[in-house]
Structures are given as structure tokens and as C-alpha cells.
Amino acid sequence: MAKYILTRIVKACLSIFVVVSIVIVMLFTMIPRTKVMDLDTSYRKMTGDNKTVYRLMRYDQLGYLDYVRLSDMCKSEYDDVTACMINGSTENKAVIEKYESNGYVIEYLRNGTAYGYHDYNILELVWNFWSNLIVVDNVNAVQDENNPDLERKIYIGTDYNGVPAVMGSGTTHKYLIYFDSTFPFIHQNWITFNFGISYPTKAGSLTTDVINEGQGAQVSILQTFPTGVEMESPYNQHTAKYKYTLDHLDMQKFNDNYADCTSYYESPSMVNTSYIFGIISLIIAYVVALPAGMSMARNKDQLIDKIGVVFINVVIAMPSLALIFFIRQIGANFGLPDKFPLLGFKDIRSYIVPMIILAVLSMPSLMTWMRRYMIDQSNSDYVKFARAKGLSQREIFSKHIMKNAIIPIVNGIPASVILCISGALITESAFAIPGMGKMLPDAISKMNNNMVITLTFIFAALSIFSILIGDLLMVVVDPRIQLATKKGGKKNGK
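Residues numbered from 1 in each chain as written. Predicted model: local features only at pLDDT ≥ 70, side-chain atom pairs only at ≥ 80, totals over all residues. Heavy atoms only, no water.

Visitor: Please explain the overall build of the protein chain as it appears in this structure.
Guide: For the protein chain, the helix and strand inventory stands at 18 helices and 15 strands. Here the protein chain has a C-alpha radius of gyration of 29 Å; the compact-globule value for 494 residues is 23 Å, and the former is much larger. Viewed in the frame of its principal axes, the protein chain has a C-alpha envelope of about 100 × 60 × 50 Å. Across the 494 residues of the protein chain, 39% fall into the buried class. Partitioning the intrachain contacts of the protein chain with sequence separation of at least 6 by distance along the chain shows that 61% fall at a separation of at least 24. By element, 60% of the accessible surface of the protein chain is carried by carbon and sulfur atoms, the whole surface being about 27,000 Å². Of the charged side chains in the protein chain, 45 are positive and 42 negative, and the gap between their average positions amounts to 16 Å. (Helix = DSSP H or I, 4+ residues; strand = E, 2+ residues; numbered from the N terminus. Rg over C-alpha atoms; globule rule 2.2 N^0.38 Å. Buried < 20%, exposed > 50% of the residue type's maximum accessible area, 1.4 Å probe, protein only. Contact = heavy atoms within 4.5 Å. Areas by Shrake-Rupley, 256 points an atom, 1.4 Å probe, with all protein chains shown as cover. Lys, Arg positive; Asp, Glu negative; His and termini not counted. Charge placed at Lys NZ, Arg CZ, Asp CG, Glu CD.)

As C-alpha cells, then:
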């Protein structure tokens, strides 16, 4: 079994690599890069050299090319760059020729200053993404010329609440491993994923920060800062990163450069919002649909079965958008909001109709498969044997058929639970719910390549690994199932 799981994990990682790599190549080679800049209002207002430099810097940040200024070229060759910076000097010509020989295109600003850039080819695009994806924080992560005496160490300390934590100095993050009251209670900043920055929406922010950032107004809580100052602040000190330039307010709160913190917000992030709706609606769907499917199977061709079949056919046949608006109107007649922002996160009435809709949309397939599996099992030899022994229909269904029929349903549970994170596009759009559902379409329409890649990676990884978890869960439910095979094709234990 261990070998089987390892093999599946390797295949899963390979699948993710292939899918994400294809998306990277498509985004960076098939879509004109000029379209990315069209949505940047700051860029459209610029003129002359400023516009040229800004464009190249953005292309460099987004991973299209490697942009080098003349000063960068000179620093790579000379300790004293004074002579190199003079146009036409021997040093200037030499460094330009070297970069040209290395595949860089050399061009000149209107003031005569040279610059260079190298467009990445397909292999370089893919390599740059994967080689920089996993970032391990270390004591040499911070290189600050203005702080040469920065102590470099990783140690066990206490956070601002007096709780033990693994902390760092010289690292990007101050708290590498810490504990708090939010699930899963233990958190880490030691190993992170680098998917690049979001652009043009939330320009400059890491895509992972955009996804995980809370929404709404900032919330201030009473806390004690390293300088001993006690005050209400929205800062989440556990997210503290090294800040190269401190302002007066930073120095009032912090006794070192670890002053770059994210904030607490009154509402959950987009991913948490989608997950809240998805999980609760999924629970409702399973709680209602599975007993309904079982009842339909036990009463095949009777009234309850016919009513269930009608419900399944109506929901499947009706366009999802029409069903959403129909149920939304019914909810409105009972005084429930038809838009989520009307009452917001804090009012339970905001959740009722969207969750019912999501549950109803999921129920037909669950009811159909549960009914089908149980009817198929009811014609098996072991069921006939149980009837011959005198067991009642109820006992046969609950003690025998149910155990076998539930196995395929169990296989799909992990995928249903995990993929709640992806949100529901139509439902979230209809109710203006600030969740993950619209994030991928919005990222595509706004040419936010790094966000598209981030979401592709997340959704692909969740989908692939949920299948593996579903297979393993089947083995837990029915130990007779063997996923691995020995040589010759025989099942383990056979």
C-alpha cells in the first residue's frame, strides 16, 4: 500500500507539473503582453522614458523578460562604475558588448542611456516558475545595506501573547512557526509558495496574499507591541516581515525592522467565504439526498420513488441560472435578502437561500447514484440469501445493501469537500457573494497571468489529490478493497 500511495503521489505531482506548465506557456506566449499593460491606468498616463522604464520593470516583475539597467550591467563588471556609466567610454562599450553576446537586446532611452532585456523562451518561462515556487525562509534572506549588524539566527522565543514560537532574525518572517486560536491552531511561515505578484488588480501584492486576505473593514484588537506599547491595532503581528525602511509609527511600536504586518478584517477571505458556503451546503445535500435515495430504492416504482424521480428530472432539466432565480424569488417572498451584501456576513439570513440553492443543485446526482447503487445491490446473490434466511426488507437494506452501496458515494466525498474552496461561479455572481467563484474568470478577463497560474495550480492540486484521498477512504470503509496489486496482477492479500 505504501508503494501504491507513493506512486500515486508521484503521478499526481507530474500531472500538476504538466497542467500548470501548459498554462504558463499559453499565457506568456499566446497572449500579447501589451494587453497586460492596457489595464494599467498609471501606465497610460506616463510618457517618454518613464513609460518605457515602467513597462520593462513590469514585464520583469511578471516574468516575461529579464530587464537590466545600465547601472546593473556596470555593477556586474566593475567595482567603480563611474567610467562605465559614461556613454561611449571603453568600459561602457565593453559591458554592452558582453550583454549583447549573452542574448540581451540593447536599446537606448531618449537621454542616451543604454538598457537591456532578454525575452524568456518557453523552457526559461517554465524553469523560472518551478525553480522559484518553493521558498524556504533562512537567516540570509534579508540583505540590508543599512543594517550590516543584523543578527542572523533561528531560535525559540515567545510571541506578543507570551506563547512559545520558532522565531528568526535575518529571515524574511519574524515568526516561522507559531500558535493561535484559529484552526488548525499551528501555523508556519517557514516554507511558502511564491506564485508571483498580482497585476493589474491588487498590483504588487503576492497572489497568495490576495486570496487569503480578509475582506471588509479592518478590525482593531488590543495588543502589546515589542516596544511595550499597548494599544488597539489591526496589525497581525504573527505575519511580521522585515521592513527595510521604518517610519515614525513603526518605530513607536517595533524595536526592530520586523514591522511589515498584514491586518485583521471583519469578514473572512474569499477562499474562506466560498468554503463556508460550500461545506454547509454540502452537508445539507448529503443529509437530505442520501436518505432520499435510499428511500426511493426501498420503495422502487412506488409514490415516493416517482416523486423523487420527478424532482431529479426537474432540477437536472432546469437551467441552473433559472433555478437560482426561482429559489431566490421564493426566499425574497419570505423576507430573505436577494443579495448577500444587503445584510452581510454577520446576519445568518444572508446565508440561507444561497446554501439551499447549492444543496439543491448537488442533490440530484447524489440521489440518483444512491438509488442506482442500492437497486443494483438488491439484485445480488447475498441479498437473495438474506431474504431466504428470513431477514426483513429493512434489515437487508440497512445492514447489507447500505454497506456496499455507500462505497462509491464515499469515494466522492473528499473531492466534494476539498473543491468547495473553488466556489460556485453562478450562485456567487447571482447573490454578489465575495467568494472564489469569480476569481478565476476575473483574473482571465483582466490578464492577471500570475493569478490565473496560482488558481490553476491550486485547483489542479486539490482535484488530483482529492481523488487519491477518495480511493484511500474506500479502503477504510471496506477493507476488502485492495488498491495495490502484486506481480502477476493479483491483489494484495489474495
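Visitor: What should I look at first to understand the sheet that holds strand β6 (residues 164-169) in this one?
Guide: Within a sheet, neighbouring strands are paired by backbone hydrogen bonds and run either parallel or antiparallel to one another. Strand order in the open sheet made by the 4 strands is β5-β6-β7-β8, with antiparallel pairing throughout. Strands at the two margins of the open sheet, each flanked by one partner only, are β5 (153-158) and β8 (186-188). Strand-to-strand twist in this sheet, taken as the mean axis angle between neighbours without regard to direction, amounts to 20°. Direction of pairing for strand β7 (residues 175-179) relative to β8: antiparallel, over a ladder of 3 bridges. Following the sheet pairing, Phe179 is matched in β8 by Ile186. (Pairing = 2+ DSSP bridges. Axes fitted to C-alpha atoms, helices over the stretch in contact; angles between N-to-C directions.)

Visitor: Looking at this structure, I do not really get the side chain of Lys174. What am I missing?
Guide: For Lys174, the position within the fold is in the loop between β6 and β7. Take Lys174: its relative accessible area is 10%, and that puts it in the buried class.

Visitor: Teacher, can you tell me more about the side chain of Asn92 here?
Guide: Mapped onto the secondary structure, Asn92 falls in helix α6 (residues 90-101). The contacts of Asn92, once residues within four sequence positions are left out, are Leu70, Cys84, Met85, Ile86 and Asn87.

Visitor: Can you help me understand unusual backbone geometry in this one?
Guide: It is generally the case that most residues other than glycine have a negative phi and that most peptide bonds are trans. In this model, Tyr199 is joined to Pro200 through a cis peptide bond whose omega is 5°. Structurally, the position occupied by Pro200 is in the loop between β9 (191-193) and α8 (207-212). Although it is not a glycine, Asp301 sits at a positive phi angle of roughly 70°. Locating Asp301 in the fold gives a position in the loop between α10 (270-298) and α11 (303-317). If you check the backbone angles, Ala432 has positive phi at about 55° while not being a glycine. Residue placement: Ala432 occurs in the loop between α16 (425-430) and α17 (439-445).

Visitor: It is not clear to me how the sheet that holds strand β3 (residues 114-119) should be interpreted in this structure. Could you clarify?
Guide: Judged by pairing direction, the sheet is antiparallel, and its 3 strands sit side by side in the order β1-β3-β2 without closing on themselves. Every other strand in the sheet has two partners, leaving β1 (65-69) and β2 (105-108) as the edge strands with one partner each. When the angles between neighbouring strand axes are averaged without regard to direction, this sheet yields 25°. Sheet contacts for helix α4 (residues 48-62): β1 and β3; angle to β1, the most-contacted strand, approximately 135°. Relative to the sheet, α6 contacts β1, β2 and β3, its axis offset from that of β2 by approximately 135°.

Visitor: Sorry if this is basic, but what is going on with the packing of α11 against helix α13 (residues 349-378) here?
Guide: For any two helices packed against each other, the geometry comes down to the angle between their axes and how far apart the axes lie. Closest axis-to-axis distance for the α11/α13 pair is 9 Å, and the angle between their directions is 135°. As far as their axial angle goes, α13 and α11 are oblique. Along this stretch, α11 crosses α13, giving a crossing that reads as left-handed. Each of Asp305, Gly308, Val309, Phe311, Ile312, Val315 and Ile316 in α11 lies in contact with α13, whose residues at this interface are Val360, Met363, Pro364, Met367, Thr368 and Arg371. Of the residues assigned to the contact of α11 with α13, the class counts are 9 nonpolar, 2 polar and 2 charged. (Parallel < 35°, antiparallel > 145°, perpendicular 65-115°, else oblique. Left-handed = near helix turned anticlockwise from the far one by under 90°. Nonpolar A, V, L, I, M, F, W, Y, C, P; charged D, E, K, R; others polar.)

Visitor: So what exactly am I meant to see when it comes to the state of the cysteines here?
Guide: Two cysteines form a disulfide when their sulfur atoms are joined by a covalent bond. This model, assessed by the stated rule, comprises 1 disulfide. Residue pairing for Cys74: its cysteine sulfur links by disulfide to Cys84, the two sulfurs lying 2.0 Å apart. Classification of the bridge connecting Cys74 and Cys84 rests on its S-S torsion, roughly -75°, and on that basis the disulfide is left-handed. Taken together, the residues span a long stretch of sequence, with Cys74 in helix α5 (residues 70-75) and Cys84 in the loop between α5 and α6 at a distance of 10 residues. Across this residue pair, the class does not change: Cys74 and Cys84 are buried. (Disulfide = S-S within 2.5 Å.)

Visitor: It is not clear to me how the nonpolar core should be interpreted in this structure. Could you clarify?
Guide: The nonpolar side chains of soluble globular proteins are, as a tendency, buried together. Formed by 39 residues in total, the largest nonpolar core has its most connected members in Met436 and Ile453. A total of 7 residues in this core trace back to one element, the largest contributor, which is helix α18 (residues 449-477). Ala297, Ala359, Ile375 and Cys420 belong to the second largest nonpolar core, which has 25 residues in total. (Core = buried A, V, L, I, M, F, W, Y, C linked by side-chain atoms within 4.5 Å.)

Visitor: For this particular structure, what's the right way to read the pairing of strand β13 (residues 235-242)?
Guide: The side chains of a regular strand alternate, first on one face of the sheet and then on the other. Among the 8 residues in β13, 6 count as buried, and that is most of the element. Relative to strand β14 (residues 258-263), β13 is paired through 4 bridges, and the arrangement is antiparallel. When the bridges of β14 are listed, Tyr242 appears paired with Tyr258.

Visitor: Can you help me understand a nonpolar patch on the surface in this one?
Guide: Taken together, Leu14, Phe17, Val18, Ile22, Met26 and Met30 make up a surface patch of nonpolar side chains, about 590 Å² in accessible area. Mapped onto the fold, Val18 is located in helix α1 (residues 2-30). Taking the relative accessible area as the measure of exposure, Val18 reaches 40% and is therefore partly exposed. (Patch = residues over 30% accessible without salt bridge, like charges linked within 9 Å, V, L, I, M, F, W, Y side chains within 5 Å. Salt bridge = Lys/Arg side-chain N within 4 Å of Asp/Glu carboxyl O.)

Visitor: For this particular structure, what's the right way to read the packing of aromatic side chains?
Guide: The geometry of an aromatic ring pair is captured by two quantities: the separation of the ring centres and the angle between the planes. A complete count under the given rule lists 22 aromatic pairs for this structure. Considering the side-chain rings of Tyr59 and Tyr64, the 5.6 Å spacing of their centres and the 65° angle between planes classify their relative orientation as edge-to-face. We classify Tyr64 as buried; its relative accessible area is 2%. One aromatic cluster is present, formed by Phe17, Phe129, Trp130, Phe193, Phe195 and Phe457 through successive ring pairs. For Lys51, the ring lying beneath its charged end belongs to Tyr43, and the centroid distance is 4.8 Å. Across the ring face of Trp369, the terminal group of Arg372 is positioned such that the distance to the ring centre comes to 4.6 Å. (Phe/Tyr/Trp six-rings, centres within 6.5 Å; stacked < 30°, edge-to-face > 60°. Lys NZ or Arg CZ within 6 Å of the ring centre and 35° of its normal.)

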